[in-house]
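Chain by chain, the residues run as shown.
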Amino acid sequence: MAKSGTVGQPGAAYTFEKQDQAVRRHTFAVIVDNEPGVLARVIGLFSGRGYNIESLTVSTVTEDETVSRINIVTTGTEMVIEQIKAQLQRLVPVHNVHDLTLEGPHVEKELALVKVKASDHYRRESLRIADVYGAKVADTTLESFVFLIQGSPDKVDSFIELMQALGDIEVARSGVVAISRGSAITPV
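If you're wondering where the values come from, they're calculated on a predicted model, not measured in any experiment.

Participant: I would appreciate a short explanation of the overall build of the protein in the present structure.
Facilitator: Helix and strand counts for the protein come out as five helices and nine strands. The N-to-C order of helical and strand elements in the protein reads β-α-β-β-α-β-α-β-α-β-β-α-β-β. Classification of the 188 residues of the protein by burial places 38% in the buried group. Residue pairs in contact within the protein that sit at least 24 positions apart in sequence constitute 70% of those at least 6 positions apart. With an accessible surface of roughly 11,200 Å², the protein has 52% of that area assigned to carbon and sulfur atoms.

In structure tokens, the structure reads:
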């Protein structure tokens, strides 16, 4: 048994992995029935087994609102990722699970609101950085800006890191939305 914070409890799934196995980031698209409790089941699967969720978004994807798409970003070794997929596919309200990372090229985007408290020179610098990143000013006061930035998670991370150097910040992120590239349509 691996050590954890609670005596007698097993550690997270990640504590059982061999150190030489590569931990990779994966993006899943999970098509589910849009009914009460489905998201709780999916989240329960992750938390009950000690898997971490880095990003989670969910919304309806059919006109009659009976089917939803859950985008999940997680990390793990190849074995852990396979376990996650297999366990997700066994859940009753799940129609299908797509590991976009393995299925080929896909597009990932994220939206963030970044409030930076800055004055004098730092205000001009924050506007200059926002312009370079294509961020828009969503709100402004005499002492702060709220920027809206969208793009890849790496781009959003980079923008946030630069803004942190200018002053105190507050961040609200949407989480990753992802879809495969090409003409193939994911069935619902």
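Participant: Mind showing me how you'd approach helix α2 (residues 78-90) here?
Facilitator: At 3.6 residues per turn, the α-helix brings residues three or four places apart onto the same side. With 13 residues, α2 should cover 18 Å at 1.5 Å per step; its first-to-last C-alpha distance of 19 Å lies within 8% of that length. When α2 is considered as a whole, its buried residues turn out to be Val80, Ile81, Ile84, Lys85, Gln87 and Leu88. In this structure, the buried residues of α2 make contact with β1 (24-33), α1 (38-49), β3 (67-76), β4 (94-99) and α3 (100-103).

Participant: What exactly am I supposed to notice about the nonpolar core here?
Facilitator: Side chains of nonpolar character tend, in soluble globular proteins, to be buried together. One finds Phe28, Val30, Val42, Phe46, Ile72, Ile84 and Leu88 to be the most contacted residues of the largest nonpolar core, which totals 17 residues. Those elements that provide at least two residues to this core are β1, α1, β3, α2 and β4. In this structure, Val30 is in contact with Ser68, Arg69, Ile70, Ile72, Leu88, Val94, Asn96 and Val97, ignoring residues within four places of it in sequence. The next biggest cluster of nonpolar side chains, apart from the first, holds 16 residues, and it includes Ala112, Val114, Phe159 and Ile160.

Participant: Looking at this model, I keep getting lost on the sheet that holds strand β2 (residues 53-60). Mind explaining?
Facilitator: By way of backbone hydrogen bonds, the strands of a sheet pair with one another, either parallel or antiparallel. Strand order in the open sheet formed by four strands is β2-β3-β1-β4, and the pairing between neighbours is antiparallel. Either end of the sheet is taken by a strand with one partner, and the two such strands are β2 and β4. The average undirected angle you get between the axes of adjacent strands in this sheet is 15 degrees. Two strands pair when backbone bridges link them, and β2 and β3 are joined in this way by seven bridges, in the antiparallel orientation. Along β3, the bridge assignment pairs Ser59 with Arg69.

Participant: Help me out: how do you make sense of the environment of Phe46 in this one?
Facilitator: As for its placement among the helices and strands, Phe46 is situated in helix α1. We classify Phe46 as buried; its relative accessible area is 1%. Contact partners of Phe46, with chain neighbours within four places excluded, come to Tyr51, Asn52, Ile53, Ile72, Thr74, Ile84 and Leu88.

Participant: Before we go on, may I ask you to explain the pattern of salt bridges in this structure?
Facilitator: It is possible for side chains of opposite charge to pair when their charged atoms get near one another. Tallying each qualifying case throughout the model produces seven salt bridges. The closest approach of N and O atoms between Arg25 and Glu108, which form a salt bridge, is 2.9 Å. With Arg25 in strand β1 and Glu108 in strand β5 (residues 106-117), this pair connects stretches of sequence that are 83 residues apart. Here Glu108 falls in the buried class, since its relative accessible area comes to 14%. Of the charged contacts in the structure, one is a salt bridge between Glu82 and Lys85, with a shortest N-O distance of 3.1 Å. Here the residue Glu82 and the residue Lys85 both occupy positions in helix α2, the gap between them amounting to three residues, near one helical turn. Residue Glu82 is classed as partly exposed on the basis of its relative accessible area of 38%. Salt bridges sharing partners connect three or more residues here, namely Glu82, Lys85 and Asp99.

Participant: Explanation requested: the packing of aromatic side chains in the structure shown.
Facilitator: Working definition: an aromatic ring pair is given by the centre-to-centre distance plus the angle between the planes. Evaluation of the coordinates by the stated rule reveals four aromatic pairs. Clustering of aromatic rings is evident, with ring pairs tying together Tyr133, Phe145, Phe147 and Phe159.

So, how was this worked out
- Residues numbered from 1 in each chain as written.
- Predicted model: local features only at pLDDT ≥ 70, side-chain atom pairs only at ≥ 80, totals over all residues.
- Heavy atoms only, no water.
- Helix = DSSP H or I, 4+ residues; strand = E, 2+ residues; numbered from the N terminus.
- Buried < 20%, exposed > 50% of the residue type's maximum accessible area, 1.4 Å probe, protein only.
- Contact = heavy atoms within 4.5 Å.
- Areas by Shrake-Rupley, 256 points an atom, 1.4 Å probe, with all protein chains shown as cover.
- Expected span 1.5 Å × (residues − 1).
- Core = buried A, V, L, I, M, F, W, Y, C linked by side-chain atoms within 4.5 Å.
- Pairing = 2+ DSSP bridges.
- Axes fitted to C-alpha atoms, helices over the stretch in contact; angles between N-to-C directions.
- Salt bridge = Lys/Arg side-chain N within 4 Å of Asp/Glu carboxyl O.
- Phe/Tyr/Trp six-rings, centres within 6.5 Å; stacked < 30°, edge-to-face > 60°.

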